[in-house]
Amino acid sequence: MGLRLLIVGGVAGGATAAARARRIDENAEIIVFERGEHISFANCGLPYYIGNVIKGRNSLLVTKPQDFMKRYRIDVRVFHEVTSIDRENKQVKVTDLKSGRTYTENYDNLILSPGAEPARPRIEGIDLEGIFSLRNIPDSDSIKAFVDRNSPRQAVVIGGGFIGIEMAENLARRGVRTTIVEMLDQVMPQFDYEMAGLIHAHLEDKGVTLMLGDSLKSFTFEEGRIRVDTTKGCSELFDLAVVSMGIRPENALARDTGLMLSDKGHIVVDSSLATSDPHIYAIGDAVSTRDYLLGFPVNTALAGPANKQARIAADNALGRKSVFKGTLGTFIVKVFDLTAASTGMNEKTLKAHGVHYLASYTHSGSHASYYPGAETMAVKLLFAAESGKLLGAQIIGGEGVDKRIDVLATALHGNMSVFDLEELELAYAPPYSSAKDPVNMAGFTAANMLKGDLMTINWDEFEGLDPREHVVIDLRNAEELRASGMVEGALHIPLNDLRDRLDELDRTKTYIPFCAAGLRGYIAHRILVQHGFRSRNFSGGYLTYQGTRKKAGLKSDKPGCG
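This one's a predicted model, so the numbers in the text were calculated from it and none came from an experiment.

Quick notes on the rules
- Residues numbered from 1 in each chain as written.
- Predicted model: local features only at pLDDT ≥ 70, side-chain atom pairs only at ≥ 80, totals over all residues.
- Heavy atoms only, no water.
- Patch = residues over 30% accessible without salt bridge, like charges linked within 9 Å, V, L, I, M, F, W, Y side chains within 5 Å.
- Areas by Shrake-Rupley, 256 points an atom, 1.4 Å probe, with all protein chains shown as cover.
- Salt bridge = Lys/Arg side-chain N within 4 Å of Asp/Glu carboxyl O.
- Lys, Arg positive; Asp, Glu negative; His and termini not counted.
- Charge placed at Lys NZ, Arg CZ, Asp CG, Glu CD.
- Helix = DSSP H or I, 4+ residues; strand = E, 2+ residues; numbered from the N terminus.
- Expected span 1.5 Å × (residues − 1).
- Buried < 20%, exposed > 50% of the residue type's maximum accessible area, 1.4 Å probe, protein only.
- 1 Å grid on protein atoms, 1.4 Å probe; cavity = no way out; pocket = protein on both sides within 12 Å on 5 of 7 lines; lining within 4 Å.
- Points joined across faces, edges and corners; volume = space filled by probe spheres on them.
- Nonpolar A, V, L, I, M, F, W, Y, C, P; charged D, E, K, R; others polar.
- Core = buried A, V, L, I, M, F, W, Y, C linked by side-chain atoms within 4.5 Å.
- Contact = heavy atoms within 4.5 Å.

### Some words on a negative patch on the surface
A cluster of like negative charges, contributed by Glu 375, Glu 399, Asp 402 and Asp 406, occupies part of the molecular surface. Mapped onto the elements, Glu 375 comes out in the loop between strand E26 (357–365) and strand E27 (376–384).

This is the structure in structure tokens:
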């Protein structure tokens, strides 16, 4: 018998580590302990099962314990919980949750994949009937059964993160009018505010009510319904509540074992995924790793990094030398008809770490405009102010967002710059892209800023402009103004008329060209500066400006609600 490897926890981390370990060493003795029923399931698909997008429950089961055992010759013990670790004797204590029997197992190396659990704050009424959290298949079974049985009319989702957004969409798909309560002033805090504003607008268009900048105070049961009271004094009745207020690492076993934890309670690991004990590795949502770009500690609760960590931990546990270089935090989420994606750092993170950066905005079609069905995507790049090195990207749009964020994630992983994006040779045919792909366009705009061909002003600077010194020139045509309105105090000069009307301008002022998406503003900027005027183009144009105006709140005529 070869090395003895024990793995605590299944799903993305533990099951992947077990399979990788077997492929490396056919003779290793591998045991997986999972306290639940399922060794591996598609937890990212749970909201879509509730929404009847995924029809069959069995589709969520990536593999069954008996199938996993047959394929890999791995001892899989479901409904078994590891309750303690004796590091000195390299032994774990296990409880069979069905029989209650307790026993011990020895190990040479141990991999912890405990995951994270939904945060359940101590709030009045949180354990009432009809209030749920979503982590696993039993949770999804409970929510789906409640919706199937009771046909709720109104639901509230507490929290506007991944699960909150996906649950809102899937409840709406089932005909349930849904409200999201979020303590921040935006949903999806991974996005910068102006990009999240595009999501706010779309959610409201789809009938989802947003209560932003407010938080849950209490739940009470009233006439068969759930009353939600918020800290800002709003009180509403709902038929169903889903609490999605973030997650916290399952760290009890690591803590009781004396392993090093971060300030936020995550298990600290090195680049080999080893904990403070060299014979114990840890992976997944419960660990603190490193940011790929800047190296600061970070926790990323995403399936992609968890799978990669699992492979690397298995390598090292079985004697191979593998390194986890860190995470970019790349993610993508469906929001009704929108796709929202991000990779790398956002502005909040860059500011917190004192990084000198610039931001650019572009709005491009998913494919050639003359080919039917093109959809606009908003692309935000963050890059180093001196070198142009890519630091982060956010994209919100329809078709084609997924492949662009993957290109940008690859560029970030390769330490590329915006100048490299200019040169990328990407596949083009009218149904799929344009000769200048949205990634190229984002690179052109950012590179123009660094070359001095383009000076910009961003949305957060716009409101503070002194009208005695700055004049906005709205370059859009009359039809566009009638459809969306005009920026207050702006001078209307359509782009094609600008050269003929330069004598109307005051050379003591700074002009802010403004259009729908930024391209006409760039053209106007080049005209103005080459004729001796001071100019700063409004980055991203009206489409970006519009996102910043959507400070959504609860639509209600009841006192204290918005």
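What follows continues from the structure just given.
### Overview of helix H1 (residues 11–24)
Its 14 residues give H1 an end-to-end C-alpha distance of 20 Å, which sits within 8% of 20 Å, the value for a rise of 1.5 Å per residue. Within H1, 11 of the 14 residues are buried, which leaves it mostly tucked inside the rest of the structure.

### Section: the layout of surface pockets
Reported here for the second largest pocket is a volume of approximately 550 Å³. Thr 362, His 363, Ser 364, Met 441 and Leu 519 are, among the 28 residues lining the second largest pocket, the residues nearest its centre. Along the lines of polarity and charge, the residues of the lining of the second largest pocket split into 13 nonpolar, 14 polar and 1 charged.

### Section: unusual backbone geometry
If you check the backbone angles, Met 188 has positive phi at about 45 degrees while not being a glycine. As for its placement among the helices and strands, Met 188 is situated in the loop between strand E13 (177–182) and helix H6 (193–205). Looking at Met 188, the relative accessible area reads 0%, which means it is buried. The phi dihedral of Phe 336 is positive, around 55 degrees, even though this residue is not glycine.

### Remarks on empty space enclosed by the protein
A water-sized probe rolled over the atoms picks out the places where empty space is left. The final tally for this structure, using the stated rule, is 2 cavities of 30 Å³ or more. By volume, the largest cavity is sized at about 40 Å³. The wall of the largest cavity is formed by Val 156, Val 181, Met 211, Val 228, Thr 230, Cys 234, Glu 236 and Phe 238. Those elements that place two or more of their residues in the lining of the largest cavity are strand E16 (225–230) and strand E17 (235–238). Each residue belonging to the lining of the largest cavity can be placed in one class, and the counts come to 6 nonpolar, 1 polar and 1 charged. Here the second largest cavity is characterised by a volume of approximately 30 Å³. Forming the walls of the second largest cavity are Val 8, Leu 112, Pro 114, Glu 250, Leu 253, Ala 254 and Ile 267. In terms of residue class, the lining of the second largest cavity is built from 6 nonpolar, no polar and 1 charged.

### Observations regarding the nonpolar core
The biggest cluster of nonpolar side chains holds 49 residues, and the ones touching the most others in it are Leu 110, Ile 111 and Leu 112. Every residue in contact with Leu 112, bar those within four places of it in the chain, is listed here: Val 8, Ile 85, Leu 253, Ala 254, Leu 259, Ile 280, Tyr 281, Ala 282 and Ile 283. One finds Val 147, Ile 165, Ala 168 and Phe 191 within the second-largest nonpolar core, a separate group that totals 43 residues.

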